[in-house]
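Listed below, chain by chain, are the residues.
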Amino acid sequence: MAELVGPRLYSCCNCRNHVALHDDVISKAFQGRNGRAFLFSHAMNITVGPKEDRHLMTGLHTVADVYCCDCHEVLGWKYERAYEETQKYKEGKFILEKSKIVKENW
C-alpha cells in the first residue's frame, strides 16, 4: 500500500509551525542576517512587522520583519518595496533564513 506523502514544507526551527512550501522557493542564493537565506513567493502562519527602510546588499528596500505566528521567532523579512528597477521582482516576496527554518516531509 502506498503511503500518502504531503507537500514538502519548511517549518519554524523553534516550534515546527509550517511557514512555507518548497514549491514556493524562488531562489536559494540569498543572504540573510545570519547566513544563507531563501527567497519565497509566499509564506504562511507568519506575522508581518512594521515596514522600515533598510540598506541591503542590493540597495535600499522597504522591508518588514516576519515572525512565526506561534512562537514569534524572527524568520526573515518581506520585501515591501524595492527602489532600484532591477530589484522590483522582490516586491511582495519573502526572505526566510536557512538557520531559522527546517525541512518537513522530505
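Structural data are supplied above this passage.
Residues numbered from 1 in each chain as written. Predicted model: local features only at pLDDT ≥ 70, side-chain atom pairs only at ≥ 80, totals over all residues. Heavy atoms only, no water.

Asker: Explanation requested: the nonpolar core in the structure shown.
Answerer: Proteins that are soluble and globular tend to have nonpolar side chains buried together. Val 19, Phe 40, Leu 75, Leu 96 and Ile 101 are the most contacted members of the largest nonpolar core, which has 13 residues in total. Taken together, the elements giving at least two residues each to this core come down to strand 1 (9-12), strand 2 (18-21), strand 4 (35-40), strand 6 (59-68) and strand 8 (94-97). Residues contacting Leu 96, with those up to four places away along its chain left out, are Val 19, Ala 20, Ala 37, Phe 38, Phe 40, Val 66, Leu 75 and Ile 101. Formed by seven residues, the second largest nonpolar core is a distinct cluster that contains Val 63, Trp 77, Tyr 79 and Ile 95. (Core = buried A, V, L, I, M, F, W, Y, C linked by side-chain atoms within 4.5 Å. Buried < 20%, exposed > 50% of the residue type's maximum accessible area, 1.4 Å probe, protein only. Helix = DSSP H or I, 4+ residues; strand = E, 2+ residues; numbered from the N terminus. Contact = heavy atoms within 4.5 Å.)

Asker: What is the right way to look at the packing of aromatic side chains in this model?
Answerer: A ring pair, where both rings are aromatic, is described by two values, the distance of the centres and the angle of the planes. By the definition in use, this model includes five aromatic pairs. A centroid spacing of 5.8 Å and a plane angle of 70° characterise the contact between Tyr 10 and Phe 38, whose relative ring orientation is edge-to-face. Highlighted residues: Tyr 10 in strand 1 and Phe 38 in strand 4, separated in sequence by 28 residues. Judged by relative accessible area, Phe 38 falls into the buried class, the value being 5%. Put simply, the rings of Tyr 10, Phe 38, Phe 40 and Trp 106 touch in pairs and so form one group of aromatic residues. Sitting over the face of the ring of Trp 106, Arg 8 holds its NZ or CZ atom 4.3 Å from the ring centroid. (Phe/Tyr/Trp six-rings, centres within 6.5 Å; stacked < 30°, edge-to-face > 60°. Lys NZ or Arg CZ within 6 Å of the ring centre and 35° of its normal.)

Asker: Would you mind showing me how to read the sheet that holds strand 5 (residues 46-56) here?
Answerer: Strand-to-strand pairing in sheets goes through backbone hydrogen bonds, with the strands running parallel or antiparallel. With respect to topology, six strands assemble into an open sheet ordered 3-4-8-7-6-5, the strand pairing being antiparallel. Strand pairing shows two members of the sheet lacking a second neighbour, strand 3 (25-32) and strand 5, which therefore form its edges. Strand-to-strand twist in this sheet, taken as the mean axis angle between neighbours without regard to direction, amounts to 30°. Note: strand 3 against strand 4, five bridges, orientation antiparallel. Bridge assignment links Gly 32 to a residue of strand 4, and that residue is Gly 35. (Pairing = 2+ DSSP bridges. Axes fitted to C-alpha atoms, helices over the stretch in contact; angles between N-to-C directions.)

Asker: Help me understand the side chain of Lys 78, please; the structure alone is not making it clear to me.
Answerer: When you line up the elements, Lys 78 lands in strand 7 (residues 74-82). Glu 80 provides the closest opposite charge to the buried, unpaired Lys 78, separated from it by 4.1 Å. (Lys, Arg positive; Asp, Glu negative; His and termini not counted. Salt bridge = Lys/Arg side-chain N within 4 Å of Asp/Glu carboxyl O.)

Asker: Would you mind showing me how to read the environment of Arg 16 here?
Answerer: Considering the arrangement of structural elements, one finds Arg 16 in the loop between strand 1 and strand 2. Residue class for Arg 16 comes out partly exposed when judged on its relative accessible area of 46%. Through-space distance from the C-alpha of Arg 16 to that of Asp 70 is 9.3 Å; in sequence the pair is 54 residues apart. Within the structure, Arg 16 has its side chain in polar contact with the backbone oxygen of Cys 13 (distance 3.2 Å). (Polar contact = N/O pair within 3.5 Å; in protein donor to acceptor, adjacent residues only side chain to side chain.)

Asker: How do you make sense of the pairing of strand 5 when you look at a structure like this?
Answerer: In the case of a regular strand, side chains alternate between the two sheet surfaces. Sheet topology note: the strand 5/strand 6 ladder contains nine bridges and is antiparallel. The residue of strand 6 that forms the bridge with Asp 53 is Thr 62. In this structure, the hairpin formed by strand 5 and strand 6 is closed by a connection of two residues.

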